[in-house]
Amino acid sequence: MIVLDNIHKHYGRVRANDGISLTLEPGRIYALVGENGAGKSTLMRVLAGHTRPTSGTLTMSGETLSHLTPALARKYGVGMLYQDPLDFPAMPVWENFQLGAPKRSKQEVIDVIGELSFRLDACFLPDEPVSSLTVGERQLLELLRLLDLGATTLILDEPTTGITPEQKQDLFNLLTKLAREDNHTIILVTHKLSEAYEMADAIFIMRQGRLVSTLTPPYDEKELVTLMFGEQADGEADELPSLDAGAPPRLTMTDTLFAGPKYSMGPMHFTAQPGECVGLAGLDGSGQELFLRGLCGLDRMPGGTIALDDSVFRANDFPALRRAGVQFVPADRLEMALFPALNLMEHITLAFPDKHDGLREFYDSQCVDCFNLRAHPDTQAKELSGGNQQRLLLSLMPDEAKLLLMEHPTRGLDAGSARQVWNHLMGRCRDGATLIFFSPDLDEVLEHAHRVIVFYDRAIAGIVDREHATMDVVGALMAGKPYAEVMEGAA
Ligand SMILES: Nc1ncnc2c1ncn2[C@@H]1O[C@H](COP(=O)(O)OP(=O)(O)OP(=O)(O)O)[C@@H](O)[C@H]1O
């Protein structure tokens, strides 16, 4: 049993954790939910020994401690699975598995992988590089590695992001087995409330650094949402804008080839209308990333053309496309899109150089009112919670953008903020912008797209209109089933 008693973690004025006490029992599955910035990651980092609390104690196996180190947390059996797997893609499966473990021969490692895989219904080729695994497989490998290191308390941060519905079910079955048969403690940190209802024996709800409630089944969805968001809980999702069938296309791709660092794709033909929302679906590495990065000019276009309204581009030059109204929002926020050491106001100053007068008012209307970014303007980007980084990034998109290319627009956002962002994006589409977005969450793609382009094996596997874009159809195309066969089955 693990007991956290009155844990505080303060960052200057911010009380990320403000007196949290909770007990974790063996054999139980817990969900930890809360809006962005509620303090979930901080609490989990305290439990995994990565963050030293300002005050409070942790009792593990009967010993009371003021803080843990990662090594100590490991000794007490705490293992954390991060949203982005902490592996080395260039190294083979067996070498990744061996990381952090006591020295043993390759054959011994292979035998352990085999044993664990057999018991937990997994399958790995020890010499395969991790770079060729899907996100779901990498996550599973990391889970097996933690179990091999002796983890009995497993913290999983948004574990279903980027995996297929089938992989999710396999993961949930595995977690249930680990809790019920092996008496492990499982903590799921999630923004998907349906997953919390499905899996958890108890749901911890955090708000503004505090544990506001612990719910047990049967869950009352309304109560949970109100506890999480308070007054903000109300509100409807906007509908997809209707399209003007006669409008000239916004984007026309003709014989377009894109070439990234690892592979190329094409020739592709595609048109999208003003106001249209096009969703991209595919397992990690299937081609959707190159499609977006080629369109914005970050990857090369060795052949064909892109036309944006009446302007035809024979080269996809990033600055020229940006001037023409193309905006790209990457998933990799801190590495590609924000300056970690610059504060919020500095980002706004750089993104909107013309607004040097009244910058503070602009910040309030753009970041606070429109995207609900509640952080002091002096906060550096790297100090923001994941959800607030996303809000900042969205605040930096100029209003006049014509073609929005977005990787996972609501990455890390809580349900209320995600709805707010989608309503904002729908508003932009109603005003005539075209949105092409990718999300690893298939529900999100199906809900917000007029059409879905499905990628498989680094090519377009099919373009499906809203009427036919069901989980089964899109899931089957993502898994490589031929288009004609899938559509025939759907008819
Ligand atoms: N290293 C840090 N320096 C300063 N402030 C921090 C730091 N880490 C977290 N915070 C602040 O602590 C608060 C809680 O952040 P935390 O990341 O724990 O929230 P969260 O519930 O995990 O949010 P999200 O769902 O957005 O990931 C936020 O206000 C955040 O800005």
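Just so we're clear, the structure is a prediction, and the values are computed from it rather than from any experiment.

Novice: Just to check I follow, could you spell out the overall build of the protein chain for this structure?
Specialist: The secondary structure content of the protein chain amounts to 18 helices and 20 strands. By the compact-globule yardstick of 23 Å for 491 residues, the protein chain fits well, its C-alpha radius of gyration being 23 Å. Here the protein chain, with 491 residues, has 52% of them falling under the buried criterion. Relative to all contacts within the protein chain whose residues are 6 or more apart in sequence, the contacts with residues 24 or more apart total 64%. Accessible area for the protein chain stands at about 22000 Å²; split by element, carbon and sulfur atoms hold 50% of it.

Novice: Teacher, can you tell me more about the nonpolar core here?
Specialist: Proteins that are soluble and globular tend to have nonpolar side chains buried together. Grouped together as the largest cluster of nonpolar side chains are 48 residues, with contacts concentrated most on Ile348, Met406, Leu425, Leu435, Val452 and Val474. The biggest single contributor to this core is helix 15 (residues 415-430), with six residues. Here Met406 is in contact with Leu292, Val329, Leu394, Met397, Leu425, Leu435, Ile436, Phe437 and Phe438, once residues within four sequence places are set aside. Judged by nonpolar contacts, the second largest core, of 31 residues, contains Val93, Val109, Phe172 and Leu178.

Novice: Got a minute to help me understand the side chain of His8 in this structure?
Specialist: One can find His8 in strand 1 (residues 2-11). A distance of 3.1 Å separates a polar atom in the side chain of His8 from a polar atom in the side chain of His10. Among the polar contacts made by the side chain of His8, one reaches the main-chain amide nitrogen of Gly19 at a distance of 3.5 Å. When neighbours within four sequence positions are excluded, His8 is seen to be in contact with Arg15, Asn17, Asp18, Gly19, Pro53, Thr54 and Ser55.

Novice: Got a minute to help me understand the pairing of strand 9 (residues 202-207) in this structure?
Specialist: Regular strands place side chains that alternate from one sheet face to the opposite one. Counting buried positions along strand 9 yields five of six residues, so the element is predominantly enclosed. Judged from the five bridges that link them, strand 9 and strand 10 (residues 210-215) form a sheet pairing that is antiparallel. Within strand 10, the position partnered with Ile205 by the bridge is Ser213. Count of turn residues in the strand 9/strand 10 antiparallel hairpin: two residues, of which Gln208 carries a positive phi of about 45°.

Novice: Sorry if this is basic, but what is going on with the UniProt feature "domain: ABC transporter" (unreviewed entry) in the protein chain here?
Specialist: As recorded in UniProt, the feature "domain: ABC transporter" (unreviewed entry) lies at residues 2-233 and 249-482. In the segment residues 249-482, helix accounts for 35% and strand for 26%; the C-alpha atoms at its two ends are 28 Å apart.

Novice: Could you clarify how one ought to interpret the packing of helix 12 (residues 344-351) against helix 13 (residues 359-370) in this entry?
Specialist: If you want to describe how two helices pack, look at the angle between their axes and the distance between the axes. Close contact between helix 12 and helix 13 brings their axes to 11 Å; oriented N to C, the two are set at 100°. In this view, helix 12 runs roughly perpendicular relative to helix 13, as classed from their interaxial angle. Between helix 12, through Leu344, Met345, Ile348 and Thr349, and helix 13, the contact on the second element is made entirely by Leu359, Arg360, Phe362, Tyr363 and Cys367. Partitioned by chemical class, the residues of the contact of helix 12 with helix 13 number seven nonpolar, one polar and one charged.

Novice: Explain the pattern of salt bridges here, please?
Specialist: Pairs can form between side chains of opposite charge whenever their charged atoms are close. Evaluation of the coordinates by the stated rule reveals 15 salt bridges. We note a salt bridge from Arg207 to Glu35, for which the minimum N-O separation is 3.6 Å. Of this pair, Arg207 sits in strand 9 while Glu35 sits in the loop between strand 3 (29-34) and helix 1 (40-47), and the two are 172 residues apart along the sequence. Several salt bridges share partner residues, and in doing so they unite Arg15, Asp18 and Arg210 into one network.

Novice: Explanation requested: the domain arrangement of the protein chain in the structure shown.
Specialist: Note: interface size is frequently given as the accessible area lost on complex formation between the parts. For the protein chain, the assigned domains are domain 1 (2-229) and domain 2 (251-325 + 398-490). Distance between the C-alpha centres of domain 1 and domain 2: 32 Å. The interface of domain 1 with domain 2 comprises 14 residues on the first partner and 14 residues on the second. Roughly 1100 Å² is buried in total at the junction of domain 1 and domain 2, and carbon and sulfur atoms are behind 58% of that figure. In terms of surface lost to domain 2, no three residues of domain 1 exceed Asn36, His191 and Phe229, which account for 34% of the buried area on that side. Where domain 1 meets domain 2, there are zero salt bridges. Our enumeration of links across domain 1 and domain 2 arrives at one residue pair in polar contact (both at pLDDT 80 or more).

About the criteria used
- Each chain carries its own residue numbering, running from 1 in the written order of its sequence.
- Totals for whole chains, interfaces and linings use every residue, but because this is a predicted model, local features are given only for residues with pLDDT of at least 70 and side-chain atom pairs only at 80 or more, for both listing and counting.
- For side-chain calculations, the full set of non-hydrogen atoms in the structure is used, while hydrogens and water are omitted.
- Numbering of helices and strands runs from the N terminus; a helix is a DSSP stretch of H or I covering at least four residues, while a strand is a stretch of E covering at least two.
- Radius of gyration: C-alpha atoms only; globule rule: 2.2 Å multiplied by the number of residues to the exponent 0.38.
- Relative accessibility under 20% of the residue-type maximum defines a buried residue, over 50% an exposed one, and the middle range a partly exposed one, all with a 1.4 Å probe and only protein chains included.
- We call two residues in contact when some of their heavy atoms are within 4.5 Å.
- The protein chains shown are the only cover counted for residues, whose accessible areas, like all others here, come from Shrake-Rupley with a 1.4 Å probe.
- Buried Ala, Val, Leu, Ile, Met, Phe, Trp, Tyr and Cys residues form a nonpolar core when they are joined through side-chain atoms within 4.5 Å.
- Two N or O atoms count as a polar contact when they lie within 3.5 Å, although within protein this holds only if one can serve as hydrogen donor and the other as acceptor, and sequence-adjacent residues are included solely when both atoms are side-chain atoms.
- Two strands qualify as a pair provided that DSSP identifies no fewer than 2 bridges between them.
- UniProt positions are given in the numbering used here, feature names are shortened, and annotations may be inferred rather than shown by experiment.
- To get an axis, a line is fitted to the C-alpha atoms, and for a helix only the part in contact is used. The angle between two axes follows their N-to-C directions and goes from 0 to 180 degrees.
- Our angle categories are set so that under 35 degrees counts as roughly parallel, over 145 as roughly antiparallel, 65 to 115 as roughly perpendicular, and the remainder as oblique.
- Three residue categories are used. Nonpolar comprises Ala, Val, Leu, Ile, Met, Phe, Trp, Tyr, Cys and Pro, charged comprises Asp, Glu, Lys and Arg, and polar comprises the others, including Gly.
- Within this document, salt bridges are pairs made up of a side-chain nitrogen of Lys or Arg and a carboxyl oxygen of Asp or Glu, the two lying within 4 Å of each other.
- Domain limits in this description derive from either an automatic procedure or a database domain assignment.
- Summed over both partners, the accessible area lost on bringing two parts together, with a 1.4 Å probe, is the buried area.

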